[in-house]
Amino acid sequence: MALTGVEIFKLLPKTNCKKCGQPTCLAFAMKLAQRQTSLDKCPDVSEEAKEKLGAASAPPIRPITLGTGAKCVKMGEEMVLFRHEKKFVNPCAFAVEIKDTLATADAERKMEEAAASEIDRVGQKLRVDALYLSNDSGDPARFLELARLASTKAPDLPVILGTVNPDAAEGALGTLAGKKAVLYGANAGNISAMAEKAKAAKATLGIAAKNMDELCELTEKAKSLGVEDMVLDSGARSAGEILRDNTYMRRAALKKNFKPLGFPVITFANRADGMLETLVAGLGVEKYASIVVMNEAERWKNLALFSLRQNIYTDPQVPMQVQQKIYKIGEPGPKAPFLITTNFSLTFFIVSGEIENSKVACRLAVMDSEGLSVLTAWAAGKFTAGKIAQFIGESGIEGELEQRELVIPGYVAILSGAIEDKLPGWKITVGPREANGLPAFLKARG
Amino acid sequence: MPFTPPKESFSGKICEIGIGRGDGTVSLGGQSVMPFHSFEGAAPGKPAIAFEVQDVPPDDWPETVKDVFRDVSGDPVTWAAYCQDSLGADAIALRLAGTHPDRGDISAERAAETVSRMLAAIKVPLIILGSNHAEKDTSVLVRAAEAAKQTNSVIGKAQEANYKTIAAAAMANDLKLIAMSELDINLSKQLNILITQMGFDREKLITDPMSSALSYGLEYTYSVMERIRLAALAQNDPTLQTPMLADVGMYVWKVKETQAPEADLPEWGELGRRGVAWEAVTASAFLVSGADLLIMRHPDAAGAVKKFMAEMEVQ
Ligand code: B12
Ligand code: SF4
């Protein structure tokens, strides 16, 4: 179990020398207990304390990075079972499976699809994060060929190599040197050889167990062979097994600090039925997978799964929000329409997207409403006539505009009179209720 | 090393409630574990899927889902029979949308007639829903409740503004009741308390913590449901030990992702499957977080969710 601040404090030098950046040893101990700093910041800590604290202060689920460069994916470090307790930390990676039995043209198509999957969603860039290359043929030469193809067609996408053959692993890992790949397929029969290959290539070892008992044995074995970075597969394949095993793994790591299971989890959602695959992948997002492997990455499916992952991994206390300011969309002149909305990210991106669709250059005032949507902010008293008038009045926008006219969201039509009272000289126009009415509304104004 | 599963058992238990009549009866709730955790405790009732049917043609539904019901949606009873006989609906949710003052203002009497006709024609349980106009709902649902007397149907939704009348009508006619509040565990708890203080049996109550759509508030409904379920089981809070409803279709089929053609947004992919996926992903997320009863629109989405549920049983 993790130590409390006071327990940690007892092991520190107690000189309050401040070299760790904290005013006192006690303050440092408190930060450590909350995992907001690391032990190596204190230069004077004794070896004995290091040993005791090292074990206790390591995150219960080991942080591991998949891939390198701008598209690398962080995994692990999760601290809770339920998202309302505290933000889930590292969004799970979506990986698409490509078999080495596929015709080259098909494999290429899948790689290109994955490499081109990136979309903008509520201000975040989301994509299929990794390729899962599988050695279905059993032939090391074909596997090597596929790995080479991946490194030319999708060079910056992280790779998971799926094989139970250490020779095939060695060859493919050779083409991915320094790329922090996952070598998945260590089982009871091959673990020593697979551990060697993973260590030599500085890759993460993916454990392919048949059940939870075997999984614990294999991670202990890998550890004794000097492997530090692992991802775990308990062998669960049905949705029910995935829920059960992923729950057990997360609980064991967090609540029992059970080290053999303190690693990120890989979940195989692969199904011939694409819709069912989407739902099982969704279960992986919700219930504790760090990597979800799928057969296909079609665009309709990506959009749904990217959105789900974004929802599940948002901070439950702080809605996603954008900065308060007056945004220019296109190149608005002095006569361009001037609109207002709230700073909830979802609201902002929907509204600005529809303004872009309209091809009419506009100014969009985004008012800080603590990240609440228009109606929620209105109901909570954060998007009121008084506050809107104050924001517009103080913004200095008047100087840029030929006529003082402000378009407000249709859902808060009720505010128009009161804003006019509080902003003398301004005309308030009620816009459509839904943002998708904006293109027609803006075009009609000419 | 043999692994000792860190199982969790709870003192609390969700009320098991039956809805509907005879062979068509469906049982909801009854579990003493988190959703689908039958590996560590009892989880008797399987979640059920009700198909949504309206008293007026679904003019406000997007083409992709309206099309499926093109030949039957002219009459609510024909529509419901099709859902029951051809689509395998576990229940029918009749939304009296046409009673809304902005959608035709159909009278309470006529709404009650539709309910009677529906009950005579279907075997599966009936869920009777108002138009979500707090004031009109009071008169409509009172008459509808009389029409459904002693059929063990479900009626709703009772909200803070109108719960007294609607709960009284449910009680007088021996119906199950849906209580809805807005995405807040304390509001759900408070409304359940107010309703039971009227003498309404808590074993006849279904909680709707308010639904939402994927990418449009899903995370709020998801977490409120998890919190309600944890309070019911781990803290043994009797006021929250009710089965939960997720009224999914109406939130999903109004968002842009279920409507925008692929030609306008090629990066969003094919519209048909995108819309179905939107409803199915939303519904299955709520199953995982605690819903015992879903209200859905597209049969392909409901079909996918059924397959998902069947797989969830495999442990
Ligand atoms: C999720 C949600 C919440 C979340 C907050 C989410 C957030 N970050 O805002 C939580 C749970 C915290 C919440 C709380 C409350 N909520 Co709330 N909430 C919702 C819900 C389900 C979705 C809101 C949402 O995300 N909408 C999506 C965004 C994109 O919509 P939007 O900002 O309005 O933008 C659209 C349009 O307005 C338009 N638009 C936006 N800007 C502009 C600008 C121009 C110029 C134009 C033309 C158009 C335009 O385009 C957008 C897309 O079409 C709605 C119900 C619903 N389904 O709508 C209720 C809802 C908004 N909430 C409501 C209420 C009452 C509350 C609470 C007061 C109740 C409570 N539980 O205590 C609190 C208040 C919060 C507080 N801090 O005190 C009511 C508001 C009632 C009303 N009609 O005024 C609603 C409508 C629920 C209901 N009764 O049906 N809520
Ligand atoms: S550096 Fe170490 S000894 Fe110095 S104040 Fe920080 S914790 Fe204490």
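Residues numbered from 1 in each chain as written. Chains lettered and ligands numbered in written order. Predicted model: local features only at pLDDT ≥ 70, side-chain atom pairs only at ≥ 80, totals over all residues. Heavy atoms only, no water.

### Observations regarding the domain arrangement of chain A
Logical step 1: Split by domain assignment, chain A resolves into domain 1 (5-57), domain 2 (64-312) and domain 3 (325-444).
Logical step 2: Taking only C-alpha atoms, the centre of domain 1 of chain A and the centre of domain 2 of chain A are 35 Å apart. (Domains from an automatic or database assignment.)

### Regarding the sheet that holds strand S4 (residues 91-95) of chain B
All names here are of chain B.
Logical step 1: Spatial strand order, S8-S7-S6-S5-S4-S3-S10-S9: eight strands in an open sheet with parallel pairing. Every interior strand has two partners, whereas the edge strands, strand S8 (205-208) and strand S9 (245-247), have only one. Each neighbouring strand pair of the sheet contributes to a mean axis angle of 25°, computed without reference to strand direction. (Pairing = 2+ DSSP bridges. Helix = DSSP H or I, 4+ residues; strand = E, 2+ residues; numbered from the N terminus. Axes fitted to C-alpha atoms, helices over the stretch in contact; angles between N-to-C directions.)

### Looking at the sheet that holds strand S10 (residues 230-233) of chain A
Residue and element names in this part refer to chain A.
Logical step 1: Strand order in the open sheet made by the eight strands is S10-S9-S8-S7-S6-S3-S12-S11, with parallel pairing throughout. Lying at the two open borders of the sheet, with one neighbouring strand each, are S10 and strand S11 (266-268). The sheet shows a mean angle of 25° between the axes of neighbouring strands, direction not considered.
Logical step 2: Across four bridges, strand S3 (residues 93-99) lies against strand S12 (residues 291-294) in parallel orientation. Within S12, the residue paired with Ala-93 across the bridge is Ile-291.
Logical step 3: Contacting S3 and S12, helix H11 (residues 299-312) runs over the sheet at an angle of about 145° to S3. (Contact = heavy atoms within 4.5 Å.)

### Regarding the packing of helix H7 (residues 218-233) of chain B against helix H9 (residues 271-289) of chain B
Helix-helix packing is described using two parameters, namely the angle between the two axes and the distance between the axes.
Residues and elements named next belong to chain B.
Logical step 1: For the pair H7 and H9, the least separation of the axes is 8 Å and the interaxial angle reads 20°. Between H7 and H9, the interaxial angle falls into the category roughly parallel. For the crossing formed where H7 meets H9, the hand is right-handed. Mapping the contact onto sequence places Leu-218, Thr-221, Tyr-222, Met-225 and Glu-226 in H7 and Thr-282, Ala-285, Phe-286, Val-288 and Ser-289 in H9. (Parallel < 35°, antiparallel > 145°, perpendicular 65-115°, else oblique. Left-handed = near helix turned anticlockwise from the far one by under 90°.)

### Some remarks on the site of ligand 1
Logical step 1: Lining the immediate surroundings of ligand 1 are 33 residues, of which Thr-341, Thr-347, Ser-373 and Glu-434 of chain A together with Glu-182 of chain B lie closest.
Logical step 2: At 2.8 Å, a backbone N or O of Val-374 of chain A approaches an oxygen atom of ligand 1.
Logical step 3: The separation between a nitrogen atom of ligand 1 and a polar side-chain atom of Tyr-220 of chain B is 3.3 Å.
Logical step 4: Looking at the shell around ligand 1, the elements that each hand over two or more residues are strand S14 (338-342), helix H12 (345-358), helix H13 (374-379) and strand S16 (405-408) of chain A.
Logical step 5: In terms of residue count, H13 of chain A provides more of the shell around ligand 1 than any other element does, five residues in total.
Logical step 6: Grouping the constituent residues of the shell around ligand 1 by class yields 24 nonpolar, six polar and three charged. (Near = heavy atom within 4 Å. Polar contact = N/O pair within 3.5 Å; in protein donor to acceptor, adjacent residues only side chain to side chain. Nonpolar A, V, L, I, M, F, W, Y, C, P; charged D, E, K, R; others polar.)

### Here's the deal with the pairing of S16 of chain A
Remember that side chains alternate between the two faces of the sheet whenever the strand is regular.
Logical step 1: Across the two faces of S16 of chain A the burial is the same, with Glu-405 and Val-407 of chain A and Leu-406 and Ile-408 of chain A all buried.
Logical step 2: Running through helix H15 (residues 416-422) of chain A, the crossover from S16 of chain A to the neighbouring parallel element strand S17 (residues 427-430) of chain A is right-handed. (Buried < 20%, exposed > 50% of the residue type's maximum accessible area, 1.4 Å probe, protein only. Right-handed = clockwise from strand over helix to strand, strands pointing away.)

### Some thoughts on the interface of chain B and chain A
Logical step 1: Each side of the interface is counted separately: chain B has 50 residues, and chain A has 51 residues.
Logical step 2: Interface area for chain B against chain A, summed over the two sides, is near 4,600 Å², with a carbon-plus-sulfur share of 65%.
Logical step 3: For the interface between chain B and chain A, the tally reads ten salt bridges.
Logical step 4: Among the salt bridges present, the one from Arg-251 of chain A reaches Glu-8 of chain B, with a minimum N-O distance of 3.6 Å.
Logical step 5: Taken together, the connections running from chain B to chain A amount to 20 residue pairs in polar contact (both at pLDDT 80 or more).
Logical step 6: Elements represented by at least two residues in the side of chain B that touches chain A include exactly H7, H9 and helix H10 (299-313) of chain B.
Logical step 7: The greatest single-element share of the side of chain B that touches chain A, amounting to ten residues, is contributed by H9 of chain B.
Logical step 8: Residue composition of the side of chain B that touches chain A, by class: 29 nonpolar, six polar and 15 charged. (Buried area = accessible area lost by both parts, 1.4 Å probe. Salt bridge = Lys/Arg side-chain N within 4 Å of Asp/Glu carboxyl O.)

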